[in-house]
Amino acid sequence: MDFELSEDQSTIRKSVAELAARFDDQYWMEKDERHEFPSEFYEAVASAGWLGLTTPEEYGGHGYGITEASLLLEEVSASGGGMNAASAIHLSIFGMHPVIVHGSDQMKKENLPRIVAGDLHVCFGVTEPGAGLDTTRITTFAKRDGSDYVVNGRKVWISKAQESEKILLLTRTAKFEDSPKKTAGLTLFFTDLNRDAVDIRPIRKMGRNAISSNELFIDDLRIPEEDRVGEEGQGFKYILDGLNPERMLIAAEALGLGRAALRRAVRYGNEREVFGRPIGMNQGLQFPLADSLAHLDAAELSLRKATWLYDQGLPCAREANTAKYLCADAGFTAADRALQTHGGMGYAEEYHVARYFREARLLRIAPISQEMVLNFLGEHVLGMPRSY
Amino acid sequence: MQWTLSEEQVAYQEALRGWLGATAPSAVLRSWLDAGDVETFQRSFAAAGWSGVGIPEELAGQGGGLVELALTCEELGRSAAPSAGWLATVLAVPALSGRKDLLAAALAGPGVALLLPAEQVPATARPLPLSSDGTLSGEIPRVLAGGSAARFVVPAVAPDGVLQLRLVDAGAQQVHLSARTLLDRSRSVTDVRLAAAPSEPLDVDASAVLAEASDRAALLVAADALGASERMLELAVEYSKQRHQFGVPIGSFQAVKHAAASMLVGIEAARSVTYYAAASVDAQGADSSMHAAATKAQVTADAARAADTALTMHGAIGYTWEHDLHLFYKRVKLDERLAGSPAAWNERLADALQLV
Ligand SMILES: Cc1cc2nc3c(=O)[nH]c(=O)nc-3n(C[C@H](O)[C@H](O)[C@H](O)COP(=O)(O)OP(=O)(O)OC[C@H]3O[C@@H](n4cnc5c(N)ncnc54)[C@H](O)[C@@H]3O)c2cc1C
């Protein structure tokens, strides 16, 4: 057993941290307040070549694994950029996985190099008003019309849709009622987010406000057959392939956020004096922070194990789910405590922990809720009856 | 709105606490527990006139209601007294409302016990089938104070499917008892097997009596846990001032202080909810069963947590039998389970809320 990062991994970690440090908390606060996409940051990451970290070399990437991707996103988040920074690049780093595995050569050749270069923004369209965690219940329908499909429906929460040229879109090509299995009849497309047929409206939300999340009203969106990923009716399976990596990356982002929050809390605890001594001298403050450190460290280990398994080609669902669960909780708890440590100032934007707190809360809900993780572990790992 | 105990209630509480302190101090209590003697206490408790407080005069008691009973339970919990026989009797009293002839004797002890598993919400206990000749057969495990009761009140169903309560003489030769050992030695349960035991009917509304017994059990067990928690907090605070480490009393460490303060918060909340619910159940308000359920679920779960906190504050000494803490620790851990776990009572609340 070896807990050491490889030389490459250490270098990645260090270089990303250096790059991310060029964008300070002030930058992120302003982007968040102005609801403005962090283009400068995005450009910097792209021009340093990081967007292609996991993309195969033949498409201009570096072909690294999920471990490296998780280190990258963790550092970006831990820099204080949090979820604004991570979500700006998240999909470019690993979101194209279904395309890489199941897309046509043509599709890959046309798109992947552009994603690596940073000039193609993409978003991921799964969730619908009537289908959250219960994905197979989506109703956005792609109807065959000659060699095209015509799509109608509604999506919700689609992050970065405003900035995106293309969307990875999950649809139904057979209705739920008409499908032999509930996971059948779903078809995935990677296609232009044509504004003539898709009305995009941002959702006002609690945090991570530099990255929009949007409602999509899709009205006769015409998609050529070439934009279909893999086979018709197999979309759910393609999405499933990407779920474990997704969980690990979210875990890494939550972990980074927890580290950022803890760093600020410790600094404030040491600096702020009340009753003639630093507030960090109180066990009531120091212990919760020490406890968060222990929880973040433990969560980190579970994440490292999960990404290692994935990169070895070994089963990792249990570990990926566990890592998501533990990192999201540890990250949120650290952010909550950092806020408390700051007292009234925690509530002020200028100390940044309020922003971390709002973002950390998201990770207990999306992309998969803590409850669904427990459902997975209970049913598939412990072998207990499905509860829903 | 005024939420205080009356002067008489306060005086009652002080008198009972004084009596328990004199009659059942730790050394005496331990000698009873070592000997497995539950009767000495029950007898002197009755002889001193405490056992009928909170029972209406027309039921051979001394008057008063659930608030007085809760006060009694709080004090019994606070001294970890072997009170199972008395509690079982109090829970069975409404079943005997038509049998005044038996009530006075029951309150004097040996008492009466509902024949159902101690860990169940009384209203959910499974009734025994009643034979056409009026006898009852079946085994009921873990009956509270089943070993010391003179009579059992048995939920039974007649062949016509109607729920009844029947009275069985515990001394009958068709009644077989086998005692169980509990970790909490201050209470006892016994497995009871009836082999065609003769029974006589009790002329009461069985469902109503069991529902009432459920509310009362919830409340009184919670009050017991409240008393035991108070005592654990006292012990923990006292110890934290006396025990020195790193040159200072451990109570000067903030984490220790905060642990004690959290216990106090729980206890104050428990007292508020317990006495409110006692008054509510006595008044038979519309939501009184919900109040009883919330009390049982909240107070006993919190007391079990408080026990762990108290143990932590004591360090290793709390882990020994030499120190009294373990008496109360075990007391509240049993209270958590007695008459239905917090989960069972929460389930009843959830049902009442008509969630899906
Ligand atoms: C800021 C943000 C960005 C997002 N970005 C995207 C995006 O880019 N693309 C995209 O497709 N989606 C996106 N989402 C959507 C996200 O994936 C969903 O919010 C998430 O999957 C949860 O679905 P839901 O909100 O519909 O919750 P629901 O499915 O309605 O669940 C509601 C609650 O019920 C619980 N619950 C549901 N089922 C069960 C069960 N069986 N057992 C126990 N508890 C259960 C859940 O845990 C949750 O607490 C985003 C969401 C947010 C908030």
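Residues numbered from 1 in each chain as written. Chains lettered and ligands numbered in written order. Predicted model: local features only at pLDDT ≥ 70, side-chain atom pairs only at ≥ 80, totals over all residues. Heavy atoms only, no water.

*Asks:* Explanation requested: the overall build of chain A in the structure shown.
*Replies:* Summing up its helical and strand segments, chain A has 11 helices and 10 strands in all. In terms of overall dimensions, chain A is globule-like: its C-alpha atoms have a radius of gyration of 21 Å, near the 21 Å expected for 388 residues. By the burial criterion, 53% of the 388 residues in chain A qualify as buried. Partitioning the intrachain contacts of chain A with sequence separation of at least 6 by distance along the chain shows that 73% fall at a separation of at least 24. With an accessible surface of roughly 17400 Å², chain A has 51% of that area assigned to carbon and sulfur atoms. Averaging the locations of the 44 positively and 57 negatively charged side chains of chain A gives two centres separated by 5 Å. (Helix = DSSP H or I, 4+ residues; strand = E, 2+ residues; numbered from the N terminus. Rg over C-alpha atoms; globule rule 2.2 N^0.38 Å. Buried < 20%, exposed > 50% of the residue type's maximum accessible area, 1.4 Å probe, protein only. Contact = heavy atoms within 4.5 Å. Areas by Shrake-Rupley, 256 points an atom, 1.4 Å probe, with all protein chains shown as cover. Lys, Arg positive; Asp, Glu negative; His and termini not counted. Charge placed at Lys NZ, Arg CZ, Asp CG, Glu CD.)

*Asks:* Explanation requested: a nonpolar patch on the surface in the structure shown.
*Replies:* Residues and elements named next belong to chain A. Together, Met1, Phe3 and Leu301 line one region of the surface with nonpolar side chains, adding up to about 460 Å² of accessible area. As for its placement among the helices and strands, Phe3 is situated in the segment before helix 1 (7-21). Given a relative accessible area of 64%, Phe3 falls into the exposed group. (Patch = residues over 30% accessible without salt bridge, like charges linked within 9 Å, V, L, I, M, F, W, Y side chains within 5 Å. Salt bridge = Lys/Arg side-chain N within 4 Å of Asp/Glu carboxyl O.)

*Asks:* Can you help me understand the site of the ligand in this one?
*Replies:* Residues and elements named next belong to chain A. Close to the ligand lie 19 residues, the nearest being Phe124, Thr127, Ser159, Ser369 and Glu371. Ser159 is positioned with one of its side-chain polar atoms (N or O) 2.8 Å from a nitrogen atom of the ligand. The fraction of the free accessible surface of the ligand (970 Å²) that becomes covered by protein chains is 67%. Counting only elements with at least two residues in the shell around the ligand, the list comes to strand 3 (148-159) and helix 11 (370-381). Here the residues of the shell around the ligand sort into 11 nonpolar, six polar and two charged. Each of domain 2 (122-235) and domain 3 (240-381) gives at least three residues to the shell around the ligand. (Near = heavy atom within 4 Å. Polar contact = N/O pair within 3.5 Å; in protein donor to acceptor, adjacent residues only side chain to side chain. Nonpolar A, V, L, I, M, F, W, Y, C, P; charged D, E, K, R; others polar. Domains from an automatic or database assignment.)

*Asks:* Would you mind going over the domain arrangement of chain A with me for this structure?
*Replies:* Reports often express the size of an interface as the amount of accessible area lost when the parts come together. Residues and elements named next belong to chain A. When the domains of chain A are assigned, the result is domain 1 (7-117), domain 2 (122-235) and domain 3 (240-381). The gap between the C-alpha centroids of domain 1 and domain 3 is 21 Å. Summed over the three residues of domain 1 that lose the most area to domain 3, namely Ile66, Glu74 and Met83, the buried surface amounts to 26% of that side. Where domain 1 meets domain 3, there are four salt bridges. Across the salt bridge formed by Asp32 and Arg358, the nearest N and O atoms sit 3.1 Å from each other. Where domain 1 touches domain 3, the interface holds 18 residue pairs in polar contact (both at pLDDT 80 or more). Secondary structure elements with two or more residues in the side of domain 1 that touches domain 3: helix 2 (25-34), helix 4 (66-95) and helix 5 (97-102). Here the element with the most residues in the side of domain 1 that touches domain 3 is helix 4; it accounts for 19 residues. Class assignment of the residues belonging to the side of domain 1 that touches domain 3 gives a composition of 10 nonpolar, 13 polar and six charged. (Buried area = accessible area lost by both parts, 1.4 Å probe.)

*Asks:* Teacher, can you tell me more about the packing of helix 7 (residues 206-242) of chain B against helix 8 (residues 254-283) of chain B here?
*Replies:* The packing of two helices is summarised by the inter-axis angle and the distance between the axes. Residue and element names in this part refer to chain B. One way to put it is that helix 7 packs onto helix 8 with a least axis distance of 9 Å and a crossing angle of 155°. As far as their axial angle goes, helix 8 and helix 7 are roughly antiparallel. Read as a crossing pair, helix 7 and helix 8 show a hand that is left-handed. Two secondary-structure elements touch here, helix 7 through Asp215, Leu219, Ala223, Leu226, Ser229, Glu230, Met232, Leu233, Val237 and Ser240 and helix 8 through Val256, Ala260, Met263, Leu264, Ile267, Ala270, Arg271, Thr274, Tyr275, Ala277, Ala278 and Val281. Looking at the contact of helix 7 with helix 8 residue by residue, the classes come out as 16 nonpolar, three polar and three charged. (Axes fitted to C-alpha atoms, helices over the stretch in contact; angles between N-to-C directions. Parallel < 35°, antiparallel > 145°, perpendicular 65-115°, else oblique. Left-handed = near helix turned anticlockwise from the far one by under 90°.)

*Asks:* How do you make sense of the packing of aromatic side chains when you look at a structure like this?
*Replies:* We describe a pair of aromatic rings using the distance from one ring centre to the other and the angle between the two ring planes. Taken as a whole and assessed by the stated rule, the structure comprises 17 aromatic pairs over all chains. Through pairs of rings, three or more aromatic residues link up here, namely B:Tyr12, B:Trp19, B:Trp32, B:Phe41, B:Phe45, B:Trp50 and B:Trp86. Lying across the ring of A:Phe332, A:Arg364 places its NZ or CZ 4.6 Å from the centre. (Phe/Tyr/Trp six-rings, centres within 6.5 Å; stacked < 30°, edge-to-face > 60°. Lys NZ or Arg CZ within 6 Å of the ring centre and 35° of its normal.)

*Asks:* How should the sheet that holds strand 6 (residues 175-179) of chain B be read in this particular structure?
*Replies:* In any sheet, the strands associate via hydrogen bonds between backbone groups, in a parallel or an antiparallel arrangement. Residues and elements named next belong to chain B. As summarised here, the arrangement of the three strands in space is 3-7-6, forming an open sheet in which the pairing is antiparallel. For this open sheet the edge positions go to strand 3 (135-144) and strand 6, each flanked by a neighbour on one side alone. Each strand of the sheet is rotated relative to its neighbour by a mean of 10°, with strand direction disregarded. In terms of strand pairing, strand 6 meets strand 7 (residues 189-198) through five bridges, oriented antiparallel. For Ala179, the partnering residue across the bridge sits in strand 7 and is Thr190. (Pairing = 2+ DSSP bridges.)

*Asks:* Explain the interface of chain B and chain A to me, please; I cannot follow it from the model alone.
*Replies:* Contact with chain B, which involves four residues of that partner, is made by four residues of chain A. In this assembly, chain B packs against chain A so that about 300 Å² is buried in total across both faces, 46% of it on carbon and sulfur atoms. The largest share of the area that chain B buries against chain A comes from B:Phe253, B:Gln254 and B:Ala255, three residues that together contribute 90% of it. Counting across the interface, chain B meets chain A through zero salt bridges. Joining chain B to chain A, the criterion identifies four residue pairs in polar contact (both at pLDDT 80 or more).

*Asks:* Looking at this structure, how should I read the layout of surface pockets?
*Replies:* To find leftover empty space, a probe the size of one water molecule is rolled over the atoms. Residue and element names in this part refer to chain A. Here the second largest pocket is characterised by a volume of approximately 530 Å³. Asp2, Phe3, Arg304, Lys305 and Trp308 are the residues nearest the centre of the second largest pocket, which is lined by 18 residues in total. Sorting the residues of the lining of the second largest pocket by element identifies helix 1, helix 4 and helix 8 (283-311) as the ones contributing at least two each. Here the lining of the second largest pocket gets eight residues from one element, more than from any other, and that element is helix 8. (1 Å grid on protein atoms, 1.4 Å probe; cavity = no way out; pocket = protein on both sides within 12 Å on 5 of 7 lines; lining within 4 Å. Points joined across faces, edges and corners; volume = space filled by probe spheres on them.)

*Asks:* Can you walk me through helix 5 (residues 84-92) of chain B in this structure?
*Replies:* Quick reminder: α-helices carry 3.6 residues per turn. Residues three or four places apart thus point the same way. With respect to burial, helix 5 of chain B is a largely interior element, nine of its nine residues being buried. Three or more residues of helix 5 of chain B are buried, namely B:Ala84, B:Gly85, B:Trp86, B:Leu87, B:Ala88, B:Thr89, B:Val90, B:Leu91 and B:Ala92.

*Asks:* Looking at this model, I keep getting lost on the environment of B:Val175. Mind explaining?
*Replies:* Mapped onto the elements, B:Val175 comes out in strand 6. Once residues within four sequence positions are removed from consideration, B:Val175 is found in contact with B:Phe152, B:Val168, B:Asp169, B:Ala170, B:Val192, B:Arg193, B:Leu194 and B:Ala197.

*Asks:* Can you walk me through the environment of B:Lys241 in this structure?
*Replies:* All names here are of chain B. In this structure, Lys241 sits in helix 7. Take Lys241: its relative accessible area is 58%, and that puts it in the exposed class. For the pair Lys241 and Ala303, spaced 62 residues apart in sequence, the C-alpha to C-alpha distance is 22 Å.

*Asks:* How do you make sense of helix 6 (residues 105-117) of chain A when you look at a structure like this?
*Replies:* Residue and element names in this part refer to chain A. When the terminal C-alpha atoms of helix 6 are compared, their 18 Å separation across 13 residues agrees well with the 18 Å that a helix rising 1.5 Å per residue should span. Of all the bends in helix 6, the largest measures some 25° and sits at Asn111, one to four residues before the proline Pro113. Within the sequence span of helix 6, burial applies to Met107, Lys108, Asn111, Leu112, Ile115 and Val116. Gly118 sits one or two residues past helix 6 and shows a positive phi near 95°. (Expected span 1.5 Å × (residues − 1). Bend = angle between axes of the 7 residues up to and from the residue.)

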